[in-house]
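Listed below, chain by chain, are the residues.
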Amino acid sequence: MSPSLTTDVLITGAGPAGLLLACELAAEGIDTTVIERDAERPRRSRGFNLNARSLDLLARRGLAAPFLAEGRPTPHGPFTGLPVALPMPGAATDHPFTLGIPQLRIEQILEEHALGHGARLLRGHRLTALDQGPEGTTARADGPDGPVEVTAGHTVGCDGGRSTVRKQAGIGFPGTEASSWTLLGDVVPADTDALPPGPAAGPGGDVLVLPRTGYVRVLLADPDPPADRDAPVTPAGFARALEDALGRPVPLAGHLWLTRFGDAARLADRYRAGRVLLAGDAAHIHPPAGAVGVNVAIEDAHNLGWKLARTVRGSAPEGLLDSYEAERRPAAERVLAATRAQALLAGRDPALEPLKDLLTRVFDRPAAATALAESLLGLDTAHPMGAADPGAHPWLGRLAPDLDLVADGRRTRLSALVAGRRPLLLAFNGADLPLPERAEAAGAAVVRAQCGDPQGAEAALLRPDGHTAWVRARGGRATGDLEDALARWCGTAGGRLTAPVAGPVPGGR
Ligand SMILES: Cc1cc2nc3c(=O)[nH]c(=O)nc-3n(C[C@H](O)[C@H](O)[C@H](O)COP(=O)(O)OP(=O)(O)OC[C@H]3O[C@@H](n4cnc5c(N)ncnc54)[C@H](O)[C@@H]3O)c2cc1C
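Cut-off values and rules
Residues numbered from 1 in each chain as written. Predicted model: local features only at pLDDT ≥ 70, side-chain atom pairs only at ≥ 80, totals over all residues. Heavy atoms only, no water. Phe/Tyr/Trp six-rings, centres within 6.5 Å; stacked < 30°, edge-to-face > 60°. Helix = DSSP H or I, 4+ residues; strand = E, 2+ residues; numbered from the N terminus. Buried < 20%, exposed > 50% of the residue type's maximum accessible area, 1.4 Å probe, protein only. Lys NZ or Arg CZ within 6 Å of the ring centre and 35° of its normal. Axes fitted to C-alpha atoms, helices over the stretch in contact; angles between N-to-C directions. Parallel < 35°, antiparallel > 145°, perpendicular 65-115°, else oblique. Left-handed = near helix turned anticlockwise from the far one by under 90°. Contact = heavy atoms within 4.5 Å. Nonpolar A, V, L, I, M, F, W, Y, C, P; charged D, E, K, R; others polar. Domains from an automatic or database assignment. Buried area = accessible area lost by both parts, 1.4 Å probe. Salt bridge = Lys/Arg side-chain N within 4 Å of Asp/Glu carboxyl O. Polar contact = N/O pair within 3.5 Å; in protein donor to acceptor, adjacent residues only side chain to side chain. Pairing = 2+ DSSP bridges. Right-handed = clockwise from strand over helix to strand, strands pointing away. Core = buried A, V, L, I, M, F, W, Y, C linked by side-chain atoms within 4.5 Å.

Peer 1: Break down the packing of aromatic side chains for me, citing the residues and quoting the values.
Peer 2: Applying the stated criterion to the full structure yields 3 aromatic pairs. A ring pair is formed by Tyr271 and Tyr324, whose centres lie 5.6 Å apart and whose planes are at 50°; its orientation type is tilted. Taken together, the positions of Tyr271 in the loop between strand 18 (265-267) and strand 19 (272-273) and Tyr324 in helix 8 (residues 322-345) put the pair 53 residues apart, joining distant regions of the chain. For Tyr324, a relative accessible area of 0% corresponds to the buried category. Aromatic pair Trp395 and Phe428: ring centres 6.2 Å apart, planes at 85°, arrangement edge-to-face. Here Phe428 lies in strand 24 (residues 424-428) and Trp395 lies in the loop between helix 10 (366-377) and strand 22 (404-407), a separation of 33 residues in the sequence. Overall, Phe428 belongs to the buried group, its relative accessible area being 2%. Cation over ring: Arg44 sits above Tyr215, and NZ or CZ is 5.1 Å from the ring centre.

Peer 1: Go over unusual backbone geometry with me, naming the residues and quoting the values.
Peer 2: The backbone phi angle of Asp408 is positive, close to 50°, even though this residue is not glycine. Mapping Asp408 onto the fold places it in the loop between strand 22 and strand 23 (410-413). Non-glycine residue Leu435 carries a positive phi angle of around 50°. Assignment of secondary structure puts Leu435 in the loop between strand 24 and helix 12 (436-441).

Peer 1: How would you explain the packing of helix 1 (residues 16-27) against helix 7 (residues 293-313) if you had to name every residue and give the values?
Peer 2: The relative placement of two packed helices is expressed as an angle between their axes plus a distance between the axes. Taken N-terminus to C-terminus, the directions of helix 1 and helix 7 make an angle of 30°; their axes are 8 Å apart at the nearest point. The angle between the axes of helix 1 and helix 7 places the two elements in the roughly parallel class. Relative to helix 7, the crossing made by helix 1 is right-handed. Contacts between helix 1 and helix 7 involve Pro16, Ala17, Leu20, Leu21, Glu24 and Leu25 from the first element and Val294, Ala297, Ile298, Ala301, His302, Leu304, Gly305, Leu308 and Ala309 from the second. Residues of the contact of helix 1 with helix 7, tallied by class, amount to 12 nonpolar, 2 polar and 1 charged.

Peer 1: Before we move on, can you summarise the domain arrangement of the protein with the specific residues and values?
Peer 2: By domain assignment, the protein separates into domain 1 (4-175 + 266-377), domain 2 (181-258) and domain 3 (390-495). On a C-alpha basis, the centroid separation for the pair domain 1 and domain 2 is 28 Å. If you look at the interface, domain 1 gives 7 residues, while domain 2 gives 13 residues. Carbon and sulfur atoms make up 41% of the area that domain 1 and domain 2 hide from each other, which totals about 760 Å². Of all residues in domain 1, Arg44, Phe48 and Arg348 give up the largest surface area on contact with domain 2, accounting jointly for 74% of the area buried on that side. Our count for the domain 1 to domain 2 interface comes out at 3 salt bridges. Linking Asp230 and Arg162 is a salt bridge whose minimum nitrogen-to-oxygen distance equals 2.9 Å. Here domain 1 and domain 2 share 6 residue pairs in polar contact (both at pLDDT 80 or more) between them. Grouping the constituent residues of the side of domain 1 that touches domain 2 by class yields 2 nonpolar, 1 polar and 4 charged.

Peer 1: Which residues make up the pairing of strand 1 (residues 4-12), and what values do they have?
Peer 2: Sheet topology places strand 1 next to strand 11 (residues 146-157); 8 bridges connect them, and they run parallel. Bridge pairing links Leu5 to Val150 in strand 11. In this sheet, strand 2 (residues 32-36) lies alongside strand 1 in parallel orientation, the contact comprising 4 bridges. Considered in strand 2, the bridge of Thr12 is made with Ile35. Where the polypeptide runs from strand 1 across helix 1 and back to strand 2, its parallel neighbour, the crossover connection is right-handed.

Peer 1: I'd like a description of the environment of Gly386, backed by residues and values.
Peer 2: Inspection of the secondary structure puts Gly386 in the loop between helix 10 and strand 22. The class for Gly386 is exposed, based on a relative accessible area of 52%. Linking Gly386 and Gly480, residues 94 residues apart in sequence, is a C-alpha distance of 9.0 Å.

Peer 1: Before we move on, can you summarise the nonpolar core with the specific residues and values?
Peer 2: If you look at the biggest cluster of nonpolar residues, it comprises 71 residues, and the most contacted ones within it are Leu50, Phe67 and Val156. Here this core gets 8 residues from one element, more than from any other, and that element is helix 1. Those residues in contact with Phe67, other than ones at most four positions away along the chain, are Leu50, Leu58, Leu99, Ile101, Ile106, Ile109 and Leu110.

Okay, structure coming up:
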């Protein structure tokens, strides 16, 4: 008989989605097991950035500081296909920059946090089969010492675009096949001047060179992809494609990684099938244009973690877990559209020239460029809050800004209060606080805070992820009924956690 393991939540895949979800669940005291197919972490990074929205979300978990300490901020965001630099809209984020940091480091930092909170990580375990019944899921995995059976209350597939969990759960993955392929080479040129950083238009195609420490990342169209797209890219084949594109040979002293990727775009038709859920690339794949995949995975995990934790504990209000799909699937639809648009604009089709010209002129205007940045980075995310009146206050549905506060006589920031993982009912500057007993009974922390500029709000209810569920503006106009918001997002007192309400001022912004 196979060895067996029982856990509250089984996460398949230790990429950014799986590892942040493990942090979220383990920090809430949920018994969490991650199984990862690879015995060792890959040596090369696919992604190289955390965007403003990811940093805002990580800050709501006290997790931004280690990334900020070692990443390199750039004051604009990536956009593929047009000569525009996306400005970072300071009003919409607490982190108005893109942070350059390799995906491998992002994963290492998340893994340390997940393990530190008590999550279990089993490397070298490949999920092969998954069943579910009314009480839970049963997974089978091939481990280094043979088959292992894992019984869990819920299983989350964070196992990438070819997700076994998704297939086993019978969730469809409709979309478009890749129609063009890109070669990626992390290479060391024999002469560094031969591949200067930036885009280069050669007689045979465009080449993008991105500087990295000790090497360059080179991207160019794969003119002749083999029938088996997973066939390795050979050094000779890569050198030939580069020479054909630039119209000159580029001697290479070595290479670290050669691969190809396509522009397929697919979206899971459901994010949940019973006790099985999907997050990250398992739920959506899109062209890498715009460099958002890691960041979308982080948003998924951040959105799902607190909802699944409360569901496991039995304290979630009706429908809380389903709000994950309701909020994140439309966001993925927007990401698919935006990345496909960028991939199109990056193409050489002359028919697109008038469109490129028009868009370049429009996005030359600061207001248009800012709106584009907010949309591409998800900084305009406003979750639907039922029948509430969005006109009553701009915070509704959005991440409340990371205000400087004095609460319980201590200086703090709103993000540090959110990191306590409880809903927050806030009253600013002595304003009357409605329904405090009801809020406490629902597990919310009730906080009276002094704040220099609460942006027209005098009281607010924040969900445990920092998004605003209810606001009363100065003068008394509220976005809706606080009782309804408490019932919808907070549930019962069983959700109460012992985490501190007022934390220290977090380092860095
Ligand atoms: C060339 C390229 C460049 C990119 N650049 C960027 C960028 O600059 N910025 C950005 O934000 N994004 C970028 N991306 C996208 C980004 O890498 C992905 O979107 C991101 O890794 C998705 O995270 P994930 O956790 O959902 O999945 P993954 O990172 O794919 O992790 C899935 C994990 O599941 C494991 N797994 C798979 N099957 C099983 C199984 N059966 N059992 C157990 N484990 C399993 C895998 O080994 C893997 O570790 C890029 C992608 C590519 C291809």
